[in-house]
Amino acid sequence: MRTTPEIEDIEDWLIREALGQPEIGQMFAGTCERMRAAGIAIDRALLSWSTLHPLIEAETALWLPGETVAHGLYTHDQPDTDEWLLSPIRALLSSRETRMRRRLADGNAPLEFPMLAGLRDQGFTDYLVISTPFDLPRSNPFDVSGIIVTWSTRTAGGFSDEVIDRIDYLQMRLALACRANVQSRIARTIAETYLGKRAGGQVISGRIRHGDGEALDAVIFYSDLRGSTALADRLAPDDYLTHLNAYFEATAGAVIAHGGEVLDFIGDAVLAVFPMDEMGLQAATHNAMDAVAEVRRRLASARKLTPHPLGCGIALSSGRVMFGNIGVAERLTFSVIGPTVNAAARIEAMTKRLDTEVLVTAEIADQAPERFRAAGRFPLDGFSTPVELYALSEPALKAP
């Protein structure tokens, strides 16, 4: 294709976008606007791309002249709608073809997709779908990655061959810019999913050497599933995994919902932090206690869904911890270490001995004294001085 100065300007702009971290929808809108300014008559465009995310399967950005880009998210468990099952994009993915064109102004043209009749009624004359695959990790039923763009025009006669050539040329450059963005987002998603938002951010920002870390003041949350050994021994693996994930949803899910960061799943234990940062001990403690209350509510509700016991012990402690890379250079994990973490694990073990759900240190109890009662002073393994512990003064929640 013979380029023009206007097309080369768009190409240069996309290269600069690819070198940064643009929001894909805004970059797509900028591309469409520049294409129209260059004389490429597009009146509607939809960008779709797959990603690698535990919840999200694909995303879309719909551009119309003079309007804000409309974003769409499609989750893995989202049921298929008739609109999707009868869509040109799904047909293209299923056929493994890379393009599809329908001339909407031709009264004799077959419009096997219901949405095309709607576009024709709105005055559109041509509809072009182009798929540009690229190699990135993905998790979708079609096992493809890349971008798909639908281009529509109201121009009499539809797209000319020259315009289609220009769209092809620019979509390839758009795909390169999108690939750079999607790859970066996948890396961040993987880091945050497996390490947590704070730890994942540290790793993505370059703190990946053995020993990299920082001192952090935090409230430590530690919980452990009750009766798990006996259940694991007598349940089928799939049943036990379902049970275990119900517990994690109640505990780790509540921690995340109240601003905490889950750092590790240690067997059937959950290790999490509520960093103090600028908030201080009181705010971090209140967030942690809100999470504890949410855990108890979720567990009470979950008990009616399973015939197996679903309970846990929870401990809260506070203090300075080391937050950073531990392990060996070939296999690292980002976690917290220090006496405060060890104390939380030992205190949680005391919940079984004292037959209570929640135990906290005196420093935690001082932040909300009306919610706690003294449980006694106890020695903890590995600590030279006995520790004063406090239990919740609230009764155990019953399943509704």
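Check the entry above for the structure.
A short tour of the structure in this document, coming up. Computed from a prediction, not measured in an experiment: that's the story for all the values here.

### Re the overall build of the protein chain
When you go through the protein chain residue by residue, the secondary structure sums to twelve helices and 14 strands. The globule rule puts the C-alpha radius of gyration for 400 residues at 21 Å, and the 28 Å found for the protein chain is more than 25% above it. In terms of overall dimensions, the protein chain has a C-alpha envelope of 85 × 45 × 40 Å along the principal axes. Counting only residues that meet the buried cut, the protein chain has 47% of its 400 residues in that class. Of the contacts formed within the protein chain by residues at least 6 apart in sequence, a portion of 63% connects residues at least 24 apart. For the protein chain, the computed accessible surface area is about 19,800 Å², with 52% contributed by carbon and sulfur atoms. With 39 positive and 53 negative side-chain charges, the protein chain shows a spacing of 2 Å between the two charge centroids.

### So, the packing of helix α1 (residues 5-18) against helix α6 (residues 161-195)
One way to put it is that α1 packs onto α6 with a least axis distance of 8 Å and a crossing angle of 10°. In terms of orientation, α1 and α6 fall into the roughly parallel class. On α6, the residues that touch I7, I10, E11, L14 and A18 of α1 are R166, Y169, L170, R173, L174, A177 and A180. Class assignment of the residues belonging to the contact of α1 with α6 gives a composition of nine nonpolar, no polar and three charged.

### Observations regarding a negative patch on the surface
Judged by side-chain charge, E6, E8, D9 and D12 come together as a negatively charged surface patch. Residue position: D12 is located in helix α1.

### Brief notes about the sheet that holds strand β5 (residues 126-133)
Judged by pairing direction, the sheet is antiparallel, and its six strands sit side by side in the order β3-β2-β1-β6-β5-β4 without closing on themselves. Looking at strand neighbours, the two that pair on one side only are β3 (70-75) and β4 (99-103), the edges of this open sheet. Shown here is a sheet whose adjacent strand axes are inclined to one another by a mean of 10°, direction ignored. Pairing geometry for β4 and β5, over five bridges, is antiparallel. Residue R102 lies in a different strand from β5, and its bridge partner there is Y127. Helix-sheet contacts for helix α2 (residues 24-37) involve β1 (44-50), β2 (56-63), β3 and β6 (146-153), and the interaxial angle to β2 is about 30°. Helix α5 (residues 114-121) contacts β1, β4, β5 and β6 of the sheet and is inclined by roughly 130° relative to β5.

Reading the values: rules and limits
- Residues numbered from 1 in each chain as written.
- Predicted model: local features only at pLDDT ≥ 70, side-chain atom pairs only at ≥ 80, totals over all residues.
- Heavy atoms only, no water.
- Helix = DSSP H or I, 4+ residues; strand = E, 2+ residues; numbered from the N terminus.
- Rg over C-alpha atoms; globule rule 2.2 N^0.38 Å.
- Buried < 20%, exposed > 50% of the residue type's maximum accessible area, 1.4 Å probe, protein only.
- Contact = heavy atoms within 4.5 Å.
- Areas by Shrake-Rupley, 256 points an atom, 1.4 Å probe, with all protein chains shown as cover.
- Lys, Arg positive; Asp, Glu negative; His and termini not counted.
- Charge placed at Lys NZ, Arg CZ, Asp CG, Glu CD.
- Axes fitted to C-alpha atoms, helices over the stretch in contact; angles between N-to-C directions.
- Parallel < 35°, antiparallel > 145°, perpendicular 65-115°, else oblique.
- Nonpolar A, V, L, I, M, F, W, Y, C, P; charged D, E, K, R; others polar.
- Patch = residues over 30% accessible without salt bridge, like charges linked within 9 Å, V, L, I, M, F, W, Y side chains within 5 Å.
- Salt bridge = Lys/Arg side-chain N within 4 Å of Asp/Glu carboxyl O.
- Pairing = 2+ DSSP bridges.

Any link to function would need more than the numbers given here.
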